[in-house]
Amino acid sequence: MARKADIKRKTKETDIYMSFDIDGTGKSDLHTGIGFFDHMLEGFSRHGFFDLTVQVNGDLDVDGHHTVEDTGIVLGTAIREALGDKAGIRRYGSFLLPMDESLCLCAIDLSGRPYFVFDCEFPSERVGELDTELVREFFYAVSYSAGMNLHLKMLSGGNAHHMIEAMFKAFGKALDEACLRDPRISGVLSTKGALA
């Protein structure tokens, strides 16, 4: 059974189309209007082995906030829809990812209950055209739209580019692990009988 989602979301601030395939090969086609954000989504896709298409027309004449946050909302929605009832998946995933001086821990529970913890302070306000404060907004939006418990903790850092890239790649690796089907699991991995 294909684990894919195609999402369209249009508001006065953004017009977004996204295609997301959990069981992909890491191919991406990304156009958010923010070059560094595209680069980060590419790392997420490639290292998580997700096929990801993103087309965003946002109000970048204002700033990048709506574009980044709304992309997070749509990605979270796509993850939730592609997973369906979550039968047979491992549910939990974690990854410790180094990138030069930076070391990021990402841990995920696809419980259906959103919760978000973000432990990181960036040394600069921008990387390329991306405001670094929007990184937290993106992952918060993903977490709550997906119904995901998501923890991101920067254990060491120094270069904002490396720190953010470590986060996106660690998120891809941890989500890949959490989405893996395990033949030992009958139904959903929960004593409640449901992941919602």
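Computed from a prediction, not measured in an experiment: that's the story for all the values here. (Residues numbered from 1 in each chain as written. Predicted model: local features only at pLDDT ≥ 70, side-chain atom pairs only at ≥ 80, totals over all residues. Heavy atoms only, no water.)

Asks: For this particular structure, what's the right way to read the sheet that holds strand β1 (residues 4-10)?
Replies: Strand pairing in a sheet takes place through backbone hydrogen bonds and is either antiparallel or parallel in direction. If you trace the 4 strands from one edge of the open sheet to the other, you get β1-β2-β4-β3, paired in mixed fashion. Across the chains shown, the open sheet's two edge strands, defined by having one partner strand only, are β1 and β3 (28-31). The average angle at which neighbouring strand axes cross in this sheet is 5 degrees, direction not considered. Where β3 and strand β4 (residues 51-58) come together, 4 bridges link them in parallel fashion. By the bridge assignment for β4, L30 is matched with V54. Against the sheet, helix α2 (residues 65-83) touches β1, β2 (14-21) and β4, its axis set at about 35 degrees to β2. (Pairing = 2+ DSSP bridges. Helix = DSSP H or I, 4+ residues; strand = E, 2+ residues; numbered from the N terminus. Axes fitted to C-alpha atoms, helices over the stretch in contact; angles between N-to-C directions. Contact = heavy atoms within 4.5 Å.)

Asks: How should the packing of helix α1 (residues 35-48) against helix α4 (residues 160-179) be read in this particular structure?
Replies: The relative placement of two packed helices comes down to the angle between their axes together with the axis-to-axis distance. The interhelical angle for the contact between α1 and α4, taken along N-to-C directions, is 35 degrees, at an axis separation of 7 Å. Crossing hand, α1 versus α4: right-handed. Along its contact with α1, which presents F36, F37, H39, M40, L41, G43, F44, H47 and G48, the element α4 presents H161, I164, E165, F168, K169, F171, G172, K173, L175 and D176. Within the contact of α1 with α4, the residues separate by chemical class into 9 nonpolar, 6 polar and 4 charged. (Left-handed = near helix turned anticlockwise from the far one by under 90°. Nonpolar A, V, L, I, M, F, W, Y, C, P; charged D, E, K, R; others polar.)

Asks: Please explain the packing of aromatic side chains as it appears in this structure.
Replies: Applying the stated criterion to the full structure yields 12 aromatic pairs. A centroid spacing of 5.2 Å and a plane angle of 15 degrees characterise the contact between F44 and F171, whose relative ring orientation is stacked. Taken together, the positions of F44 in helix α1 and F171 in helix α4 put the pair 127 residues apart, joining distant regions of the chain. Here the aromatic rings of F139 and F171 are separated by 5.3 Å at their centres, their planes lie at 80 degrees, and the arrangement is edge-to-face. With a gap of 32 residues between them, F139 in helix α3 (residues 133-146) and F171 in helix α4 connect regions that are remote in the sequence. Through a chain of ring-to-ring contacts, the aromatic side chains of F20, F37, F44, F50, F138, F139, F168 and F171 assemble into a single cluster. (Phe/Tyr/Trp six-rings, centres within 6.5 Å; stacked < 30°, edge-to-face > 60°.)

Asks: Sorry if this is basic, but what is going on with the pattern of salt bridges here?
Replies: Where charged atoms from two side chains of opposite charge approach closely, those side chains can pair. This model, assessed by the stated rule, comprises 9 salt bridges. Close ionic contact of D182 with R90 constitutes a salt bridge, the shortest N to O distance being 3.8 Å. In this pair, D182 sits in the segment after α4 while R90 sits in the loop between α2 and β5 (92-99), placing the two residues 92 residues apart along the sequence. For R90, a relative accessible area of 34% corresponds to the partly exposed category. Where D131 meets R126, a salt bridge forms, and the shortest distance between an N and an O atom there is 2.5 Å. R126 sits in the partly exposed class, given a relative accessible area of 46%. Bridged by salt links that share partners, the residues R3, D23 and R181 form one connected network. (Salt bridge = Lys/Arg side-chain N within 4 Å of Asp/Glu carboxyl O. Buried < 20%, exposed > 50% of the residue type's maximum accessible area, 1.4 Å probe, protein only.)

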